[in-house]
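Fold and geometry: a report
As a plain string of letters, each chain reads:
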Amino acid sequence: MTVRTRFAPSPTGFMHIGNLRTGLYAYLFARRNKGTFILRIEDTDQERKVEGAVEMVYRTLKTAGIQHDEGPDKDGGYGPYVQTERMGLYKEYAEKLVELGGAYYCFCDKARLEGLKDENGVHTYDKHCRNLSDEEVKRRLAAGEPYVIRQKVPEGVVSEYEDMVFGKISVDSADIEDGILLKSDGLPTYNFANVVDDHLMGITHVIRGTEYLSSTPKYNLIYDAFGWERPCYMHLPPIMKDATRKLSKRFGDANFEDFISKGYLPEAVVNYIALLGWCPKDNREKMTMEEMTEAFDIDGISHSSSIFDEAKMRWLNGEYLKAMSQDEFYAVALPWIEKAIEGKDYDKRELALLMQTRVDILSEIPEKLAFLNNFGEYDLNMYVHQKMKVDKAVALKAVKLAYDSLAALDDWSEEAIKECVKQGAEAGGMKSGQVMFSMRVALTGEAVTPGGAIEMAIVLGKEESLRRLAFSAQLLEKAQ
RNA sequence: GGCCCUAUGGUCAAGUGGUCUAAGACAUCGCCCUUUCACGGCGGUAACCCGAGUUCGAACCUCGGUAGGGUCACCA
């Protein structure tokens, strides 16, 4: 049997993390078993439909590195793959199910159904129309009475199945309502459409969130009534925002696109979410898609929900950044560096080099390079450093010394600058550390900088460096 | 409320009856390296929800409690 899994998102906007993970696992499972991964668009909810969301699904899957084998754009003979294009087909299946004894016509109106609510506002259908005679059904149908088709849940049975991650799940049929399969407008309910689609598309393994865990026995009863083979199920615990709240796309903080535009690498995000709820046998954390495919096993899927931890994802992203070659990093960092330098003539490669070990996500680059454009009055208390034995007076001396030594220097290279500053310090009777420290602050106006004094000098260039040193010396002079 | 599911440090998690005085990672704290910040290295703090039972022995099995999640629509 070839494994066929599907990912069936609703095009309602950005793809949120929980959803993506479900798709990822379905993809991984299919790949692991040399099966087929299918994309189906469930767009029947016209009210929640969002313009361009289908394109978003394609784009997200593509950048995430999840490729489907069949889908709206890749016919595999099981189409159509867009649910709205399948609308005509459900009614006939519902009618067939009535014939098979697994469903029945119901003529109850909404007012009657309202009256069935219990004290908790939960209503359970009382099976009022379950045993209508064929005669009566035929007559009322002919009379054009509005109707729905309901599932005829067998009585007195326990419906159970073996979930691949949770094990045996069993529900008493007394706890299962005769739910609506076909609405009065002739369209299917989501549940029914799902069962029919999954069967027609030959899905062997249904992989989805735990919200379906307890309703699956109900779906299985439909498969049974049709005489169809039941698929295998793999239910996935939710990803939470905190201990009690699920990650929701409501609050915008958890969708894939946002993370990418915040400077995360797609591979890192995918890697991280794969780890939320699954752990490979050997406990590896940083893995490529290929490695994940190879290592993916159901055993490692956890049964409980997990909280999304952006701090850990940041760390992982940093690991990816550091593992890149200088050229690769330069390529991804370039747009962010350009944003930071605002068209000024700085050595971008040099800046990339400085940034690679210093940022976890790319969006940190502009903040770290802000000193290139912002230089002016700053807090002189930055010069006071106990351990360095520097105060404002020492700093003034050091900055002047640095200025004088460097002004005469022609070779603006790391070695030369280092040597020059060192000699200058010696000649002036100062420790080179004191000079370097003061010089670094004087060059940037920042207490924390992405590199040492020499690196800052190189990045700024001789002219700008001297200008800043002079400016800082003046500031310090005034403060003495 | 009925039904289903879950429960190891702040977080992700390993662990499937003895090798658990419970691994690893993130975060956090400290030290080393260092002209800053990082990177790197070393180390520390920190957990089996509670109660019974089964067993020579329980994080692991059973039952009960508690807590949390899910689900009960002519929504998807």
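Calculation rules
- Residues numbered from 1 in each chain as written.
- Chains lettered and ligands numbered in written order.
- Predicted model: local features only at pLDDT ≥ 70, side-chain atom pairs only at ≥ 80, totals over all residues.
- Helix = DSSP H or I, 4+ residues; strand = E, 2+ residues; numbered from the N terminus.
- Buried ≥ 20, exposed ≤ 12 C-beta atoms within 10 Å, placed from the backbone.
- Near = placed C-beta within 6 Å.
- Nonpolar A, V, L, I, M, F, W, Y, C, P; charged D, E, K, R; others polar.
- Axes fitted to C-alpha atoms, helices over the stretch in contact; angles between N-to-C directions.
- Parallel < 35°, antiparallel > 145°, perpendicular 65-115°, else oblique.
- Contact = placed C-beta atoms within 7 Å.
- Pairing = 2+ DSSP bridges.
- Expected span 1.5 Å × (residues − 1).
- Bend = angle between axes of the 7 residues up to and from the residue.
- Core = buried A, V, L, I, M, F, W, Y, C linked by C-beta atoms within 7 Å.
- Domains from an automatic or database assignment.

Regarding the overall build of chain A
- The secondary structure content of chain A amounts to 18 helices and 11 strands.
- Its C-alpha atoms put chain A at 110 × 45 × 35 Å along the principal axes.
- For chain A, the proportion of its 480 residues judged to be buried stands at 37%.

Quick word on the protein's contact with RNA strand B
- Every one of the 63 residues lining RNA strand B counts as a neighbour, but Asp45, Tyr190, Thr244, Ser304 and Gly452 are closest to it.
- Counting only elements with at least two residues in the surface near RNA strand B, the list comes to helix 4 (110–114), strand 6 (167–172), helix 6 (190–200), strand 11 (306–307), helix 11 (310–323), helix 17 (432–444) and helix 18 (453–479).
- Looking at the surface near RNA strand B element by element, the count peaks at 4 residues for helix 17.
- Tallied by class, the residues present in the surface near RNA strand B amount to 23 nonpolar, 25 polar and 15 charged.

Observations regarding the packing of helix 1 (residues 17–32) against helix 9 (residues 266–275)
- Following both chains from N to C, one finds helix 1 and helix 9 inclined at 80°, their axes separated by 10 Å at the closest point. As far as their axial angle goes, helix 9 and helix 1 are roughly perpendicular. Contacts from Ile17, Leu20, Arg21 and Leu24 in helix 1 reach Val270, Ile273 and Ala274 in helix 9.
- Counted by class, the contact of helix 1 with helix 9 contains 6 nonpolar, no polar and 1 charged residues.

With respect to the sheet that holds strand 3 (residues 103–106)
- Read across the open sheet, the 3 strands follow the order 3-4-7; overall the sheet is antiparallel. The sheet is open, and its two borders are formed by strand 3 and strand 7 (180–182), each paired with just one other strand. Strand after strand, the sheet turns through a mean of 45° between neighbouring axes, direction not considered.
- Of the strands in this sheet, strand 3, strand 4 (148–151) and strand 7 touch helix 3 (residues 90–99), which is tilted by about 105° from strand 3.

What about the environment of arginine 6?
- Along the chain, arginine 6 turns up in strand 1 (residues 4–7).
- For arginine 6, a count of 27 C-beta atoms within 10 Å gives the class buried.
- For arginine 6 and threonine 22, which are 16 residues apart along the polypeptide, the C-alpha to C-alpha distance reads 9.8 Å.
- Each residue touching arginine 6, except ones within four places of it in the same chain, is listed here: Ala26, Ile38, Arg40, Met201 and Ile203.

Observations regarding helix 18
- When the terminal C-alpha atoms of helix 18 are compared, their 22 Å separation across 27 residues is substantially less than the 39 Å that a helix rising 1.5 Å per residue should span.
- Of all the bends found along helix 18, the most pronounced is centred on glycine 461 and spans about 115°.

Looking at the pairing of strand 4
- The alternating pattern of strand 4 places Val148 and Arg150 on one face and Ile149 and Gln151 on the opposite face, and all of these are buried.
- Here strand 3 runs beside strand 4; their pairing, made up of 4 bridges, is antiparallel. By the bridge assignment, tyrosine 105 is partnered in strand 4 with isoleucine 149.
- For strand 4 and strand 7, the ladder comprises 2 bridges, and the chain directions are antiparallel. Within strand 7, the position partnered with isoleucine 149 by the bridge is leucine 182.

Structural notes on the environment of serine 10
- By secondary structure assignment, the location of serine 10 is in the loop between strand 1 and helix 1.
- In this structure, the C-alpha to C-alpha distance between serine 10 and methionine 201, residues 191 residues apart in sequence, is 18 Å.
- Apart from residues lying up to four places away in sequence, serine 10 is in contact with Glu42, Asp43, Asp45 and Arg48.

Focus on the nonpolar core
- Core analysis: the biggest nonpolar cluster contains 101 residues, and Leu24, Val269, Ile273, Ile365, Val399, Ala402 and Met439 have the highest contact counts within it.
- By residue number, the principal contributor to this core is helix 18, which donates 10 residues.
- If near-sequence neighbours (up to four positions away) are discounted, isoleucine 273 is found in contact with Ile17, Leu20, Arg21 and Leu24.
- Residues Ala103, Ile180, Leu182 and Ile222 belong to the second largest nonpolar core, which totals 23 residues.

Describing unusual backbone geometry
- Of the consecutive residues glycine 79 and proline 80, the connecting peptide bond is found in the cis state with omega at -5°.
- Checked against the element boundaries, proline 80 lands in the loop between helix 2 (53–64) and helix 3.
- Positive phi outside glycine occurs at asparagine 283, with the angle close to 65°.
- Looking at the secondary structure, you find asparagine 283 in the loop between helix 9 and helix 10 (289–295).
- With 7 C-beta atoms packed within 10 Å, asparagine 283 lands in the exposed category.

Quick notes on the domain arrangement of chain A
- Looking at chain A, the domain boundaries give domain 1 (87–236), domain 2 (249–321), domain 3 (324–372) and domain 4 (380–479).
- A separation of 23 Å is found between the C-alpha centroids of domain 3 and domain 4.
- On the domain 4 side, the residues contacting the 9 residues of domain 3 number 9 residues.
- In terms of residue count, helix 13 (residues 348–356) provides more of the side of domain 3 that touches domain 4 than any other element does, 4 residues in total.
- Counted by class, the side of domain 3 that touches domain 4 contains 5 nonpolar, no polar and 4 charged residues.

Focus: the environment of methionine 289
- Along the chain, methionine 289 falls in helix 10.
- Assessed through the 19 C-beta atoms surrounding it within 10 Å, methionine 289 is described here as partly exposed.

Notes on the pairing of strand 8 (residues 205–209)
- Bridge count for strand 8 against strand 9 (residues 232–236) is 5 bridges, and the pairing is parallel. Residue pairing across strands places histidine 205 opposite cysteine 232, the latter belonging to strand 9.

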